[in-house]
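Below are the chains, spelled out letter by letter.
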Amino acid sequence: MTPNPTHITAPAGTPFIEVVREFDAPRDLVFRASTDPDLVARWLGPRRLSMRIIEFDARTGGSYRYVHTDTDGEEYPFRGVFHTVSEALIIQTFEFEDIPGVVSLETRTLDDLGDRTRLHQNAVFPSVAARDQALESGMRHGITESMDRLGELLGARSGRR
Amino acid sequence: MTRTSGDPDRLDRAFAALADPVRRAIIARLSTGPATVNELAEPFPITVQAVSQHVGVLEQAGLVTRTRQAQRRPVHLDPAALESVTAWIDTYRLQAERSHRRLDAVLESLKEES
């Protein structure tokens, strides 16, 4: 099965990153997978990093903190607060603790399409430079090492089908 | 594809150059074909000298090149350089895509449970 495409818009010279993606599951499941810490740990973040959730209280006014650790033991801690949490709308802050004070604001809507759900996420950074740095870190902390992990995960799933 | 995306200084210059709306408009115009500075200046309420300076910044960033053709010096877009900028965003996209595929898998397992 071909995965649904992830659409990302990050116009040069703006502090925005927009992500749109559909999931073949009803909205209550997507909401659960986005708010239950045990489920979040199974998918969020770059693959080659292990994810340790310290706190994940996905309720209006709650906060979260988690640490990604790479294979060299290097730690990347992130934290933020949940401003609004409902099934249709999640608004939260996001901060990489190694760059304190650079906090982005993420607004995520989940559109109920019946047995499908459309995620729309808009992140606003405090400056264009901060946005560009976030894009760059996507590359730096990225990609290649964890191809395997993804392959395993997808292989395991298609094997069960 | 040229792997200029591995050169952070160059990317810094490219992003800085593209942070300006006039320069983005110039890039958009050049994506349809080469043009002289005079032609590039036409749509803008600023002087030809100012547009020439913007072109200079784009040239420094490696996004455009100027050739000498008698008195005409057409400005050309360098598609490979622009690609190195968009490749950055592509890498970010790849990472997001992989997260989302894992989320797909989580959702599948939740559906099986219920």
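Please read these numbers as outputs of a predicted model, since none were measured by experiment.

1. As for the overall build of chain B
Counting secondary structure elements, chain B contains five helices and two strands. The proportion of buried residues among the 114 residues of chain B is 48%. Here the analysis covers contacts within chain B between residues at least 6 apart in sequence; of these, 54% occur between residues at least 24 apart.

2. A word on helix H2 (residues 21-30) of chain B
Residues and elements named next belong to chain B. Taken together, the buried positions of H2 are Val22, Arg23, Ile26, Ile27 and Leu30. For H2, the arc enclosing every buried residue in end-on projection is 145°, short of the 170-degree limit, so these residues lie on one face. Its side-chain oxygen at 2.8 Å from the backbone nitrogen of Val22, Asp20 defines the N-terminal cap of H2.

3. Thoughts on the packing of aromatic side chains
Residue and element names in this part refer to chain A. What the rule picks out here adds up to eight aromatic pairs over all chains. Summarising the aromatic geometry, the rings of Tyr64 and Phe82 are spaced 5.3 Å apart at their centres and angled 55° between planes, so their arrangement reads as tilted. Taken as a pair, Tyr64 in strand S4 (residues 63-69) and Phe82 in strand S5 (residues 75-85) lie far apart in primary sequence, 18 residues in all. Pairing Phe78 with Phe94 gives two aromatic rings, centres 5.3 Å apart and planes at 25°, and the pair type is stacked.

4. Looking at the sheet that holds S4 of chain A
Strand-to-strand pairing in sheets goes through backbone hydrogen bonds, with the strands running parallel or antiparallel. All names here are of chain A. The strand order across the open sheet formed by eight strands is S1-S2-S8-S7-S6-S5-S4-S3, and the pairing between neighbours is antiparallel. Of all the strands in the sheet, just strand S1 (6-9) and strand S3 (50-56) have a single pairing partner and so form its edges. Going across the sheet, the axis of each strand differs from the next one's by a mean of 20°, ignoring polarity. Pairing between S3 and S4: six bridges, direction antiparallel.

5. A look at the pattern of salt bridges
A side chain of one charge can pair with a side chain of the opposite charge when the charged atoms of the two come close. Tallying each qualifying case throughout the model produces 15 salt bridges over all chains. Across the pair Arg131 of chain A and Asp132 of chain A runs a salt bridge, and its minimum N-O distance is 3.0 Å. This pair shows no difference in class: Arg131 of chain A is buried, exactly as Asp132 of chain A is. One salt bridge in this structure joins Glu97 of chain B and Arg101 of chain B, with 3.8 Å as the shortest N-O distance. Of the two residues, Glu97 of chain B and Arg101 of chain B are both situated in helix H5 (residues 79-113); the distance of four residues between them amounts to about one turn of the helix. Judged by relative accessible area, Glu97 of chain B falls into the buried class, the value being 11%. Relative accessible area serves as the criterion here: at 25%, Arg101 of chain B is assigned to the partly exposed category.

6. Some details on the packing of H2 of chain B against helix H4 (residues 48-60) of chain B
Residue and element names in this part refer to chain B. The interhelical angle for the contact between H2 and H4, taken along N-to-C directions, is 75°, at an axis separation of 10 Å. Relative to H4, the element H2 is oriented roughly perpendicular. For the pair H2 and H4, contact is made by Val22, Arg23, Ile26 and Ile27 and by Val51, His54, Val55, Val57 and Leu58, respectively. For the contact of H2 with H4, the class distribution of residues is seven nonpolar, one polar and one charged.

7. Overview of H4 of chain B
Residue and element names in this part refer to chain B. In this model, H4 (13 residues) spans 18 Å end to end at C-alpha, consistent with the 18 Å of a helix rising 1.5 Å per residue. Among the residues of H4, those classed as buried are Val51, His54, Val55, Gly56 and Leu58. Backbone geometry just after H4 places Gly62 at a positive phi near 80°.

8. Focus on the pairing of strand S8 (residues 117-124) of chain A
Residues and elements named next belong to chain A. Going residue by residue along S8, you find Thr117, Leu119, Gln121 and Ala123 tucked away on one face and Arg118, His120, Asn122 and Val124 left uncovered on the opposite face. Sheet topology note: the strand S2 (residues 16-23)/S8 ladder contains eight bridges and is antiparallel. Looking across to S8, one finds that Phe23 is bridged to Thr117. Judged from the eight bridges that link them, strand S7 (residues 103-112) and S8 form a sheet pairing that is antiparallel. Residue pairing across strands places Arg108 opposite Gln121, the latter belonging to S8. Linking S7 back to S8 in an antiparallel pair, the connection comprises four residues, with Gly114 at a positive phi of about 85°.

Calculation criteria
- Residues numbered from 1 in each chain as written.
- Chains lettered and ligands numbered in written order.
- Predicted model: local features only at pLDDT ≥ 70, side-chain atom pairs only at ≥ 80, totals over all residues.
- Heavy atoms only, no water.
- Helix = DSSP H or I, 4+ residues; strand = E, 2+ residues; numbered from the N terminus.
- Buried < 20%, exposed > 50% of the residue type's maximum accessible area, 1.4 Å probe, protein only.
- Contact = heavy atoms within 4.5 Å.
- Arc of directions from axis to C-beta.
- Polar contact = N/O pair within 3.5 Å; in protein donor to acceptor, adjacent residues only side chain to side chain.
- Phe/Tyr/Trp six-rings, centres within 6.5 Å; stacked < 30°, edge-to-face > 60°.
- Pairing = 2+ DSSP bridges.
- Axes fitted to C-alpha atoms, helices over the stretch in contact; angles between N-to-C directions.
- Salt bridge = Lys/Arg side-chain N within 4 Å of Asp/Glu carboxyl O.
- Parallel < 35°, antiparallel > 145°, perpendicular 65-115°, else oblique.
- Nonpolar A, V, L, I, M, F, W, Y, C, P; charged D, E, K, R; others polar.
- Expected span 1.5 Å × (residues − 1).

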